[in-house]
Amino acid sequence: MIVNKSMFPIQTGFGVISKMQDRFATLQMQLGTGEKASNLSEMGRDLPMSLSVRSRLSKIEGFSANIDTVKLRLSFLDKTMSRLDAIEGEARNSAVQGQYGTNNINMATLPSLSKARLDEVVTLLNSDVAGRYLFGGANTDSAPLPDTETLLNGQGGKAGFKTVVSERKAADAGLDGRGRLATSQAVGTSTVKLSEDGVHPFGMKVSTISTTSSDVTVTQPAPGTLPLGDEVGVTFAVAPAAQIIEGQSISMGFTLPDGSETQITLRAVDAANASGAVDEFVIGADAETTAANFKTTLDAKLIEVGKNVLAGASTFAAAENFFNGAGEPVLRVQGSPATATALRVADETDTIMWYNGQSPSVAAQGLGRLTVASATDTVTLTEKAPVSANHGFQISGVSADTANIDTTYTVADPSSVAVKFNSVPAAGEAVDVTLTDPSGVSRTVTLTAVTGKAGPGQFAIGADVNATAASFSAALTSSLNEAAANAQGNPRQSVTAQVDDSTRVPYGIEANETGFLRMMRTLSSLSVETYPDGDSSSKDRFDTMARRQQAELSEAHNSESGSIEIVTMELAVAHNALDNSAKRHTDYKAQLDNLLSDVETVSKEDVAMEIMALQTRLQASYQVTSMVSKLSLVNFL
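So, here is what we can say about the structure in this document. (Residues numbered from 1 in each chain as written. Predicted model: local features only at pLDDT ≥ 70, side-chain atom pairs only at ≥ 80, totals over all residues. Heavy atoms only, no water.)

In contact at an axis separation of 8 Å, helix α5 (residues 161-173) and helix α7 (residues 309-322) are set at 130 degrees when each is read in the N-to-C sense. In this view, α5 runs oblique relative to α7, as classed from their interaxial angle. For the element pair α5 and α7, the recorded crossing hand is right-handed. Note on element contacts: α7 touches α5 through L310, A311, S314, T315, A317, A318, A319, N321 and F322, opposite F161, V164, V165, R168, K169, D172 and A173. Split into classes, the residues belonging to the contact of α5 with α7 amount to ten nonpolar, three polar and three charged. (Axes fitted to C-alpha atoms, helices over the stretch in contact; angles between N-to-C directions. Helix = DSSP H or I, 4+ residues; strand = E, 2+ residues; numbered from the N terminus. Parallel < 35°, antiparallel > 145°, perpendicular 65-115°, else oblique. Left-handed = near helix turned anticlockwise from the far one by under 90°. Contact = heavy atoms within 4.5 Å. Nonpolar A, V, L, I, M, F, W, Y, C, P; charged D, E, K, R; others polar.)

So, on to the packing of aromatic side chains. Tallied over the full model, the rule gives 14 aromatic pairs. Summarising the aromatic geometry, the rings of F161 and F323 are spaced 5.3 Å apart at their centres and angled 55 degrees between planes, so their arrangement reads as tilted. On the criterion of sequence distance, the pair formed by F161 in helix α5 and F323 in the loop between α7 and β11 (331-333) is long-range, its members being 162 residues apart. Judged by its relative accessible area of 0%, F323 is buried. Judged by centre distance (4.9 Å) and plane angle (85 degrees), the rings of F322 and F323 are edge-to-face. Here F322 falls in the buried class, since its relative accessible area comes to 0%. (Phe/Tyr/Trp six-rings, centres within 6.5 Å; stacked < 30°, edge-to-face > 60°. Buried < 20%, exposed > 50% of the residue type's maximum accessible area, 1.4 Å probe, protein only.)

The next subject is the sheet that holds strand β8 (residues 249-255). The four strands are arranged β5-β8-β9-β10 in an open sheet whose pairing can be described as mixed. Two strands in the sheet have a free side with no partner beyond their single neighbour: β5 (205-211) and β10 (280-282). Across this sheet, the average inter-strand angle for adjacent strands is 25 degrees, counted without regard to direction. Bridge analysis of β8 against strand β9 (residues 261-269) gives seven bridges, and the strand direction is antiparallel. Paired with I250 across the bridge in β9 is L266. (Pairing = 2+ DSSP bridges.)

Here we take up the pattern of salt bridges. By the definition in use, this model includes 32 salt bridges. Notably, a salt bridge pairs D501 with R56, separated by 2.6 Å at the nearest N-O pair. Here R56 lies in helix α2 (residues 47-92) and D501 lies in the loop between β21 (496-500) and β22 (503-506), a separation of 445 residues in the sequence. Between R369 and E328 there is a salt bridge, and its shortest N-O distance comes to 3.0 Å. Taken together, the positions of R369 in the loop between β12 (343-345) and β13 (370-375) and E328 in the loop between α7 and β11 put the pair 41 residues apart, joining distant regions of the chain. (Salt bridge = Lys/Arg side-chain N within 4 Å of Asp/Glu carboxyl O.)

Dropping the structure here:
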């Protein structure tokens, strides 16, 4: 029998030792790095979990980066909005009616102070953070507004605000400065007529007339003979009737170009008591002479009103034309200003565009540049003149006649739709009006006749055609307002940030929102109006401008959509949403980090203990193997 080392499992022992050495090397790596594996292939069954957790952590890191970036922008916007609100308050209190200051210092400094505030507002609205402009909606790569000098004075042959104001003042004043109004008295009569010189948007519009004398007859505003607009009449009673007596008066109300109202009152005086004041007329020897004196006084009073109240209203009307809001074009006087009868849509070739950021082409305010009018049994829907292809809804069609309703679509400039109720409609009869926005998207407004209370998209059947037409008019106005609001959208949605898988935080701002728009219009108007000491109308114009500035920047507008206060609140909501998302991500990340630690890392204490145990086993294995390798029969014998 042969006895040798093959009788002992030396090779098996070497294999076990090799495995222990590999394990010892792995444990040394784990003790040094704290990680279970040095590469993905060594992760084993933990690999899918590790990859999933790391993918989620990567997403959270991206969301957190977005949150940090947007927080920086919102912090900047918060400071900007606070300053804009402060400027609004300063401007509101900078001019008060009747407070002209020592040596009229307030009148002298108001234009320059207003321009300084305007310049700061323009600078704030052109603010950027790391090259990203914040007040142009989604247009973030360029400033939304030109500089102040360009806005006011124009550039490169393009008209600025001052030019538009000059044109509008001339158009509203007319050739003789009486606000596009004309007085007349036929020879041999005691009747004085006051007529608008045409049907157009310029000048003063007669709205009311009244008298305190029973010996004077007045006729309320009514359409005059074309091409004249509305006219009123004042007739003084002729003998043997008594004349108007001293102290009695005649008052007229006028609608100004900016939509505000003003009133004049002319008082009768005896010749012996006449002071020559512009608001008094002398009672003559007869009614015809009294009428002539009244006409002379009325002409003078109209010229005075034209120099102060009308001039201020014209400046603000020009501001509304030049500083266009969302869904509205920039407008200018068409033709020779003093005799103009229409406005025109301005373009970039001849007029500075004050706002170049993102803006909706249709706005809820103004029903998307549509007007609804109701007269007895007919309701008319008309596009607002002048028509702009890039702003507002265009009427593109109407449904066919029904049994009791006639519809007429007139293609013109502007186009219109007329809905006439021939008789009371039956329940279910409907009218469809098709509107097209500048992008080419069509919307159909459908109104269906119902008995009883009408809901959305319905109009109530009235007792007669007139009542039904009134109900249809109200329903049409409501539906158009909803359609325009849907087309306009929300400026905050113009810029959004993804802060979670299903959460986007909106924080866009457009500089032509109502709060900023009021400030631009008001401060620009106050910047271009001056009050020379030698001008007798300066104080009246100062009062007119001060009154309008206080009204435009009043706290009463705080609740309007787009006001500085509402925008600030909406940005605060966005900031709160960011904080909530950030906290949610922090909590979730902590959980994922713990889970990843369980999957990928080891306890160094456990590894150290295992190394010590393995070291003991290796030493024993080495000793046993060494002893076995020395065994031989020769040595034994």
